[in-house]
Amino acid sequence: MMSRFNRAPATRKRVILATAASLMALSIAGTAAAQTADQTGREKGNETEPSTSDIIVTGIRGSLQRNLDIKRESSGVVDVISAEDIGKFPDSNVAASLQRLPGVSIQRSGSRGEPQGISVRGFAGDFNETLIDGRRISTAAGGRSVDFTTVGADFVGQLAVYKTPDVSLSSSSIGATLDIAYPKPFDKPGTRVALSASGSLQDEAGKIVPTVGGLFSTTFADDTMGLLVDAIYTRRDTQTNRVFVSGWQGGKFAPCQLAGSTAASCSPADAGSDPSQVKSVNGWYAQQYGADQRYTKDERIDGRIAFQWHPSDDVMLTIDDNYSRQKVVTDIAGFGIWFNQGDMRNVELDGNGTAINFLQAGSPTDFTAGTDTAVLETNQIGANLKWNATENLTFDADASYSKSRLNPDGQISSENGDIGYGGLLGTTLGVRVNGKSSNAFPELTTYGPNGNQALWTDQSIIGSHVTVRQQQLNSDEIKQFRLGATWKQDDLTIKIGARYMEDEFSLENRNTFANNYWQAYAGYGAPSGRTTGVPIPASLIQGTIGTGKWIPGYSGNLPPVLLKYDARAYQQYLESLWKGAGATPGYNDGCCDGFNGTLDLALDPGSVQRIVEKSWSAWIGVNFKTEIAGMPFRVNAGGREEITKVVSAGIGRLPTSIVGSSADPTLLTVEFTDSQPVSTSSSYSYFLPALDVKLELTDSFHLRFDASRTLTRPALNTLTPVLNVGSGQRVGALTATGGNPSLKPYLADNFDFAAEWYYQPNSYAAVNVFIKDVSNFIVAGTQRQSINGVIDPTTGQPAVFTVSQRVNGPSATVKGVELAWQHVFGDSGFGFNANATFVETNKPYDRDDLSTSGFAVTGLANSANLVAFYDKNGFEFRTAVNWRDKYLLQFGQAQNNSAFGAEPTFVNSSLQIDLSTNIRLTDQFSVFGEALNITNETLSTYGRFSNQLLDVYGYGRRFTAGVRYRF
């Protein structure tokens, strides 16, 4: 039984286009190429009801045609990706598919190489709102953006990217609104089954891991009820090699520190009578240098159930529940070396001021190990009721509850250990920069105890150092209710509605910094000439990791091996030594009040946040069709009022003193006043108008103009009302962070001008020019200041903290052009989909600006994508090429202590090539394969200048093979 719900727009539109794709293709071909038109399809200036027969076009070409049809008929600028068939989405990751669209590019997870987030027209992360079936999804990751590695794509029905707002859906995204549509039982009445199984191999990990899933959908009770259930288990193992500099810190060198200095001694100072000793030369240095290998095990379970009740042609009730649980465990082995600007000598600066070569006497060496664990669990349950009250009037009511939790079972997020040598065995270490961050990584010029490279990993001299344990617990809970009404009569549609949403975000962190237990056995022990720290028994060392050919395509040398050990086993060994304060050899007496031998966690008061955001919105939209000089003309106009109230609570405290460490001269401990609860509230409201117009000059050539105002709310975790000073600090790197509960949302006035030519079936070309005038930019300004008058024990002067705090700041304009071309070569089976995006801004990054409040628009990059395919006679083959130019990712680095404000993080350009194939052996059974990153592309970032490498990851290739069965 097919009802008006199967022919209505919104979530049912994909079904219309699936069942009528062949008819629409014929009508498009007729108007574009003067061929005989099939008048059962679209007529000039009017639309007839499509056929309700179950004609489903599958495969690459069928999917592309459905995407094109939706784009063509939409009022605004929308790009769509549809499943080629049930259980057969083009990619295993939602973000990987989205990057094929014009103006959409991805950010990858360095450790895994997986597409993790998207940018639309240069706006990334929180600038893009992700919905599931029109509902906001909660995310406990810390911001508003969704980590797409947590979203399974296997049973997704359709992805729609709204680049201009639909006021009845959302107006809270400056980049775009992404709506993920999952299949429902009445999308295609009857019984359907889809099963899939595959194995995946990442070449560096060398282990085949499984993905297994199934979907069952049926309608029953005379097609008045339907049930759909699906579940899938996915695992990905990845081994990644990394070289890093945690931060390129800006500051001033004294001339006596520079190469070629003839000064008899060198004691850099802020002022003095001897110019050679006064810090007066601007420069940037590597705060911490190292390398590591990471083995990541990523497991995800996705499950979904949807029930529909269709008692009459006029009523449809849908109740669904979406569940996902992802567990990512990363084992890390590497080394890290800390540098201080004042201790550097024989410094060579290049023309930009980057320290490309230097030496530092007495530097300790740490061998690091860790296990990072993140469990993200999300569940969303919702109910939707559609009622055709009359032939013209339809009501739509929707309610949902979503909760996401990070580490819901109290998992420990991070178990880290440092062992090594220093003190008497400290080395005059040096780092040399060999070239650009895109093809060379910095290298040590000397290493090993007292410079003896042969003893680099001599276990007889290695002792204990710091131990860090952390537990991050986040939750995000969203309640939302939406009520809308639609009136349709002839060529006039009116939509009105309202929505209420409540979003409660909570965050807290427990760690061994808060109680200073991380320093309990610091110092490296007797071989390094220290009374604190203990030797590491050989039984704890699990072996070594060779560093030959570490990063593909990169030059640079590393020490020959890394030590491999289990961080938690190391911690348990230290815990076994306890005999009481004053009686435990190697224990750092006086470091840790209340220590009783176990590395317990303590609550970090500054990390506690509870943010409650309530928003009310109402909208009205009018869509009508008319003609201008005989040409069809469509107008879609509307507005949305957004009212928001935010209550932000936290725990505040101030530092009272800073204490140095006798175990390690680089470590500092901050002591505080008693903690006090802090709470504030704020509110704001905005009216957001939108206008879409489309003129069909011919049936195949369309012009569009769109104007709108949109907003993006601040990330919830930036709204804390407290200043957070970490209890564990490093010499020369005192930092603090502050939230701002009064932040206002970004606002953007948007304009789109587009020309689209649908010149034959499944083929089109388009040009879209866009302009975005954005105000209220939220910037992470930094300043260097004292806090509560505490004294730095290393200088005897008031301690200077680098304080980062977000504020609403300047305005900027972003403009660009999107080019898209999709072409299918007749009935040959060959075709391609290509696009390119070029963007620019009036606020680009100025690397010569040394103020602490520098500003630039982040995320902007030119990009291009090409998907070339063959699809005929049951055989599919696809090549996808994705390129993104270098871009400014963010302000801030892992170590953020620059005297010149928050230093930038840039991402180098990348080009990735993926291959996939599918062979249909029978109507029900097919085999498929996929090869990702076949050119072994890397991910790399850099600082203010291109030779300031921050991170480079070699995440390898991935190969997948599997089978699908459906009926």
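Think of each chain on its own: its residues are numbered from 1, step by step along the sequence as written. Only residues with pLDDT of at least 70 get local features here, since the model is predicted, and only at 80 or more are side-chain atom pairs given and counted; chain-wide, interface and lining totals rely on the full set of residues. Water and hydrogen atoms play no part in the side-chain values, which are based on all heavy atoms of the structure.

Trainee: So, a nonpolar patch on the surface: which residues are in play, and what are the values?
Mentor: Patch definition: residues above 30% relative accessible area lacking any salt bridge, with like charges linked at up to 9 Å and the nonpolar side chains Val, Leu, Ile, Met, Phe, Trp and Tyr linked at up to 5 Å. Using a 1.4 Å probe, the Shrake-Rupley method yields the accessible areas, and only the shown protein chains count as cover for residues. Only one rule defines a salt bridge in this text: a Lys or Arg side-chain nitrogen within 4 Å of an Asp or Glu carboxyl oxygen. Together, Leu195, Phe875, Phe877, Ile919, Leu921, Phe925, Val963, Tyr965 and Phe967 give the surface a local cluster of nonpolar side chains, amounting to about 750 Å² of exposed area. Only DSSP runs of H or I reaching four residues or more are called helices, and only runs of E reaching two or more are called strands; each is numbered from the N terminus. Going through the elements one at a time, strand 46 (875-884) and strand 53 (958-966) are the ones with two or more residues in the nonpolar patch. With respect to the helices, strands and loops of the structure, Phe925 is situated in strand 50 (residues 925-932).

Trainee: Describe the sheet that holds strand 30 (residues 655-660), listing the residues and the values that go with them.
Mentor: Pairing is antiparallel in the open sheet, where three strands are placed in the order 30-31-35. In this open sheet, the two strands that pair with only one neighbour each are strand 30 and strand 35 (728-730). Mean inter-strand twist for the sheet, computed between neighbouring axes without regard to direction, equals 35°. Of the pairings in the sheet, the one linking strand 31 (residues 667-672) to strand 35 comprises three bridges and is antiparallel in character. Note that in strand 35 the partner of Leu667 across the bridge is Arg730. Strands pair, by our definition, only if DSSP identifies at least two bridges between them. Axis lines are fitted to C-alpha atoms, over the contacting stretch for helices. Their N-to-C directions set the angle, which ranges from 0 to 180 degrees.

Trainee: I'd like to hear about the environment of Pro255, residue by residue, with values.
Mentor: With respect to the element layout, Pro255 can be found in the loop between strand 12 (248-253) and strand 13 (281-286). Given a relative accessible area of 28%, Pro255 falls into the partly exposed group. Pro255 sits 92 residues away from Val347 along the chain, and the two C-alpha atoms are 9.4 Å apart. The contact partners of Pro255, leaving out residues within four places of it in the chain, are Ser261, Pro275, Ser276, Val278, Ser280 and Val281. The rule is simple: take the accessible area with a 1.4 Å probe, protein chains only, and divide by the maximum for that residue type; under 20% is buried, over 50% is exposed, in between is partly exposed. Working rule for contacts: check all heavy atoms of both residues, and any pair within 4.5 Å makes them a contact.

Trainee: Describe in detail the confidence of the model for the protein chain, supporting the description with residues and values.
Mentor: Scored by pLDDT, the protein chain comes out at a mean of 87, with 92% of its residues at no less than 70. Along the chain, pLDDT gives the predictor's confidence residue by residue, from 0 to 100. Note on residues 1-57: pLDDT under 50 across the span, and 117 contacts to partners over four residues away in sequence or across chains.

Trainee: Report on the environment of Ala961, specifying residues and quantitative values.
Mentor: By the secondary structure assignment, Ala961 is in strand 53. Beyond its immediate stretch of four places on either side in the chain, Ala961 contacts Ala197, Ser198, Gly199, Phe928 and Gly929.

Trainee: Tell me about the state of the cysteines, and name the residues and values.
Mentor: Pairs of cysteine sulfur atoms within 2.5 Å are identified as disulfides in what follows. All chains considered together, the criterion is met by two disulfides. Disulfide partner of Cys256: Cys266, at an S-S distance of 2.0 Å. Between Cys256 and Cys266, the disulfide has an S-S torsion of 65° and is therefore right-handed. Here Cys256, found in the loop between strand 12 and strand 13, pairs with Cys266, found in the loop between strand 12 and strand 13; they are ten residues apart in sequence, far enough to count as distant. Residue Cys256 shares its accessibility class with Cys266, and that shared class is buried. Through a disulfide, Cys591 is tied to Cys592; the S-S separation comes to 1.9 Å. Judged by the sign of its S-S torsion, about -80°, the cystine formed by Cys591 and Cys592 is left-handed. Of the two residues, Cys591 and Cys592, neither departs from the other in class, the shared state being buried. Counting its disulfide-bonded cysteines in sequence order, the protein chain shows a connectivity of 1-2, 3-4.

Trainee: Residues and numbers for empty space enclosed by the protein, please.
Mentor: Of the two site types, the cavity is a set of points on a 1 Å grid over the protein atoms alone where a 1.4 Å probe fits but cannot get out, and the pocket is an open set with protein on both sides within 12 Å along at least five of seven lines, each lined by residues with an atom within 4 Å of a point. Grid points are joined across faces, edges and corners, and a volume is the space filled by probe spheres set on the points. Inspection of the entire model under this criterion finds 16 cavities of 30 Å³ or more. Looking at the largest cavity, its volume works out to about 530 Å³. Together, 34 residues line the largest cavity, and Asp91, Ser92, Asp154, Glu930 and Arg964 are the ones closest to its centre. Those elements that provide at least two residues to the lining of the largest cavity are strand 9 (192-202), strand 11 (225-245), strand 14 (288-312), strand 46, strand 49 (910-920), strand 50 and strand 53. Considered class by class, the residues forming the lining of the largest cavity number nine nonpolar, 13 polar and twelve charged. Residue polarity is assigned by list, with Asp, Glu, Lys and Arg as charged and Ala, Val, Leu, Ile, Met, Phe, Trp, Tyr, Cys and Pro as nonpolar; anything else, Gly included, falls into the polar class.

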